[in-house]
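These are the residues of each chain, in order.
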Amino acid sequence: MTRMNHRDSADGIRVIREVREQHPSATSAVTYETSLSQLISIFGVARHELRQGRRSPEFWVILVIGAVATAVPCSQSSTTAGLAGYFAGQTAMIVLGFLGVIWFSLAACRDVLTRTDALILSKPSSGEVIVLGRFLGNYGVVLLLLLGELLAGAVAQTLIAKTPFAPMAYGHAFLRSLTPLFFLGATAYSLSLLFNTPVTGLLVLTYWTYVLTGKTYLRSIYNCALTQNAAVYILLGGAVLALAVILYHPKRRGAQPFPTRWGAAAMALFALGAVWGVHKVRTTQDFPFQFIPFIEAMRGQHVSPGQRAPGFWLPDQWGRTRRLEEYHGKILLIGLWSPDEPASADLLNALAALGQKYPRDKVVPIAIGISDDHAAPRHIARDSGYDFPVVTDIGARVTQPYDQGSPLASAYDANNLPLLVIADRRRVVVEILKDFSGASTVIVERVVDALLPQQF
Amino acid sequence: MAGAFIVIEIKNLTKIYPGGIVGVRDINLTIQTGVFGLLGPNGSGKTTLMRIMATLLEPTEGTILIDGYDVRRDRPQIRRLLGYLPQDFGLYPHLTAFEMLDYLALLCDIQDAAQRKRIIDDALERVHLTDVRDRKLGTFSGGMKQRVGIAQAILNAPRLLIVDEPTAGLDPEERVRVRSLLSELGEGRVIILSTHIVEDVLAVADSLAIMHHGRVSFSGTAAELLEQVAGRVWQLELERKELADIKEQFPITSVLRARNGVQVRLIADGIEHPRATPVEPTFEDAYIWLMGQ
């Protein structure tokens, strides 16, 4: 074996330095350029993360808990295909919101918990491969859990409740959950990674609890689970991850040059998220802080037998804006419902049946959906295949009583949902059926049957 | 790059942990190609020195130059030269040996899948784990995990391989296997082997340093270590009641049971005892004598 004395070693170092100075490209200069090869590493790490997550017993425990929790609301009969998918999606999202945060927090600190940190941190790979690869892999695990839970809901709906199964209802439920799970996961993961403890995930759990329980006082814009806020929270989640990539280096891997590309990405995403959020607050009804004049005008109306039914100007399930005036000259069956009220299934089923029974040029069923998530009524209507208009009250907050949170529930004096109002061809209110149930259909038919010969 | 010479220069290195605990103090060493043994009792600062070399700890004062790169400034470059087997490490229990190594190979920036497979297969073969490559790591014994640890450390053909107590807790057969492996890997690269087992260092190291209380108390070859106590090791048989007196006078390196009492090895420049005979020094004699200094 070649041995060197101290003089040799000093010469050796001098030679190495000279070679580096003459051939700078020969040195392994580390840059923060996210090249294609780095993407390969990121996805490679993500694949292994997904694999090991899926094999862990914790994965199956969470899956069973979530599947049972999701199957319960879907097992109830007398619902609609769209509503069953909505219930499954909401339950799966709530459960995974909590368990997913814990999962991400533990995944971020796994190397400390499993004592693999020295192996990982001594490797030459850049921080983004570890940070992003691990996040993507675990996001994949959470999405697998979501799929499993929705599948349990679908099975319960089909086999136990024996209600019609609409695959798109579950597709929509899956899509609605993507953003909140991404944002909650990215935040919990980044905090736990940077502070090197899963306990920081508690902050995110606290936020999620506020979102779920603080409907009466939390501004809509702070709710990451609302589809209308998706763009804001995708941008903010991305910004949080970019920030984690930046801070992970100095905190865990020693001082490094500032990664300008990631810095720029984080700032751009934060700025875009903030701007979009401010835009949403300024242009949408965000009860109780922001009031849009035309929505307040809807709230200012009042329903009363013998008076004209309160009008509206709202988007339907096909994206078209509907006005009540459009249906002048027809008997109107105006149903107010909420996806959060299971009894709404009775109203929607009744409107669908009445729409089939009576000619559409004489009797028009119209459903007004009241939900925090403005996409939910649209999805449910489309998933259930309703051919009558289902509009969404875009100024609504789901509060109890409903008339305090929704302009149209206020206008229609709907403390509780569902509610049905029958108006004649002059839009004059003939009947108001509060606490609508399946049995109320007989009353509706009697009123409509009485009106038809008088008015046509 | 394996095969090119590499030099490690440790300059005035001090690491003081929060609370004033001294990890290492004022260490100066030069390490060259071959196996370098770092010997010392638990708590002597070996792991601290290794973690600084592995870019996992920031020194308080001084620095280490590895192939001309400074551990304070050039961590990414050093990580490309480095393979590190920590003393205490875990593995992901739900991955197989191959998958775990594939994960770590990705972190070594080996992006080509075919190249990765070739490197991992080679590493598994070197540590004799090819047969169990598709078994989950959660089912591995301590010795097998240790060999996976060595495999991961050689994935990027490191020019500097740091192994911290690689034989701790292994049965004799596994210890021999790991030592043989390190001897094979020593060609053309620097291997720094930290251990508190004298036998391990002697079996594989070309040169060594002995650490005690965070300082280097000896640096050189094994022969030079023996020279420290040459002509000063004595052996004598005593009755048990005499042992306490002798212990007070001389450093004792071993006490064994004998027919009429105990057989004692001690170190002394000279001893006036009728039954004392000079004997050839062993490395244990030299090591224990150094520890007592």
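One can find the structure itself at the top, above this paragraph.
Just so you know, the residues in each chain are numbered from 1, in the order the chain's sequence is written. Note on labels: chains are lettered from A, ligands numbered from 1, in written order. Local features in this predicted model are restricted to residues of pLDDT 70 or higher, and side-chain atom pairs are both shown and tallied only at a pLDDT of 80 or more, whereas totals for entire chains, interfaces and linings draw on every residue. Side-chain numbers here rest on the full set of heavy atoms in the structure, without hydrogens or water.

Novice: Looking at this model, I keep getting lost on the overall build of chain A. Mind explaining?
Specialist: Strands here mean DSSP runs of E at least two residues long; helices mean DSSP runs of H or I at least four residues long; both are numbered from the N terminus. Looking only at helices and strands, one finds 16 helices and seven strands in chain A. Burial classes: relative accessible area under 20% of the type maximum marks a residue as buried, over 50% as exposed, and values in between as partly exposed (1.4 Å probe, protein chains only). Per-residue burial over chain A gives 57% buried out of 456 residues. Note on contacts: a residue pair is in contact if any heavy atoms of the two residues lie within 4.5 Å. For chain A, long-range pairs separated by at least 24 residues make up 73% of all intrachain contacts whose partners lie at least 6 apart in sequence. All accessible areas in this document rest on Shrake-Rupley with a 1.4 Å probe, and a residue is counted as covered only by the protein chains that are shown. With an accessible surface of roughly 18700 Å², chain A has 64% of that area assigned to carbon and sulfur atoms.

Novice: Quick question: what am I supposed to make of the layout of surface pockets here?
Specialist: Rolled over the atoms, a probe sized like a water molecule indicates the empty space that remains. Residues and elements named next belong to chain A. The rule is simple: put a 1 Å grid over the protein atoms alone, call a set of points where a 1.4 Å probe fits but cannot get out a cavity, call an open set with protein on both sides within 12 Å along at least five of seven lines a pocket, and count a residue as lining if it has an atom within 4 Å of a point. Grid points are joined across faces, edges and corners, and a volume is the space filled by probe spheres set on the points. Space inside the second largest pocket adds up to approximately 370 Å³. Forming the walls of the second largest pocket are 17 residues, and the residues nearest its centre are Ser56, Glu58, Trp103, Leu106 and Arg110. At the level of elements, α2 (36-55), α3 (57-74), α4 (81-108) and α5 (110-113) are the ones that each hand at least two residues to the lining of the second largest pocket. Broken down by element, the residue count for the lining of the second largest pocket peaks at five residues, all from α4. Looking at the lining of the second largest pocket, its residues break down into eight nonpolar, six polar and three charged. Each residue receives one of three labels: charged for Asp, Glu, Lys and Arg, nonpolar for Ala, Val, Leu, Ile, Met, Phe, Trp, Tyr, Cys and Pro, and polar for the others, Gly being one of them.

Novice: Can you help me understand the sheet that holds strand β11 (residues 233-238) of chain B in this one?
Specialist: Sheets are built from strands that pair by backbone hydrogen bonding, the pairs being arranged parallel or antiparallel. All names here are of chain B. Whether two strands pair comes down to DSSP finding at least two bridges between them. The four strands are arranged β12-β13-β11-β14 in an open sheet whose pairing can be described as antiparallel. Bordering the open sheet on either side are β12 (252-258) and β14 (277-278), each of which pairs with just one other strand. Sheet topology places β11 next to β14; two bridges connect them, and they run antiparallel. The residue bridging Trp234 from the neighbouring strand is Pro278, located in β14. To get an axis, fit a line to the C-alpha atoms, keeping to the stretch in contact for a helix; angles then go from 0 to 180 degrees between the N-to-C directions. Sheet strands in contact with helix α9 (residues 240-249) are β11, β12 and β13 (261-267), and its direction is about 15° off that of β13.

Novice: Just checking my understanding: could you explain the packing of aromatic side chains for this structure?
Specialist: Think of a pair of aromatic rings as described by two things: how far the centres are apart, and how the planes are tilted against each other in angle. Residues and elements named next belong to chain A. Think of it this way: a Phe, Tyr or Trp ring, Trp meaning its six-membered ring, pairs with another when their centres are within 6.5 Å, and the plane angle makes it stacked under 30 degrees, edge-to-face over 60, tilted otherwise. Taken as a whole and judged by the stated rule, the model has 14 aromatic pairs over all chains. For the ring pair Phe135 and Tyr189, a centre distance of 5.5 Å and an interplane angle of 55° mean the geometry is tilted. Residue Phe135 is found in helix α7 (residues 127-161), and its partner Tyr189 is found in helix α8 (residues 167-195); the two are separated by 54 residues along the sequence. Accessibility expressed as a relative area gives 2% for Phe135, which makes it buried.

Novice: Where do I start with the packing of α7(A) against α8(A) in this structure?
Specialist: With their axes 9 Å apart at the nearest point, α7(A) and α8(A) run at an angle of 145° to one another. Considering only the axes of α7(A) and α8(A), their crossing is right-handed. Two helices cross in a left-handed way if the nearer one is turned anticlockwise from the farther one by less than a right angle. They cross in a right-handed way if the turn is clockwise.

Novice: Can you walk me through the interface of chain A and chain B in this structure?
Specialist: Accessible area lost when the parts come together is the quantity often used to give the size of an interface. Facing 49 residues of chain A, the contacting portion of chain B comprises 46 residues. When chain A packs against chain B, close to 4500 Å² is buried across both sides, 59% of that on carbon and sulfur atoms. We define a salt bridge as a contact between a side-chain nitrogen of Lys or Arg and a carboxyl oxygen of Asp or Glu at a distance within 4 Å. Along the contact surface separating chain A from chain B lie four salt bridges. Polar contact is the term for a pair of N or O atoms within 3.5 Å; when the atoms are in protein, one must be able to donate a hydrogen and the other to accept it, and sequence-neighboring residues count only if both atoms are side-chain atoms. In this structure, the connection of chain A to chain B is made through 14 residue pairs in polar contact (both at pLDDT 80 or more). For the side of chain A that touches chain B, the elements supplying multiple residues, two or more each, are α1 (6-22), α2, α5, α6 (117-121) and α7 of chain A. The leading source of residues in the side of chain A that touches chain B is α2(A), at twelve residues. Defined in terms of a 1.4 Å probe, buried area is the accessible area two parts forfeit on being brought together, summed over both.

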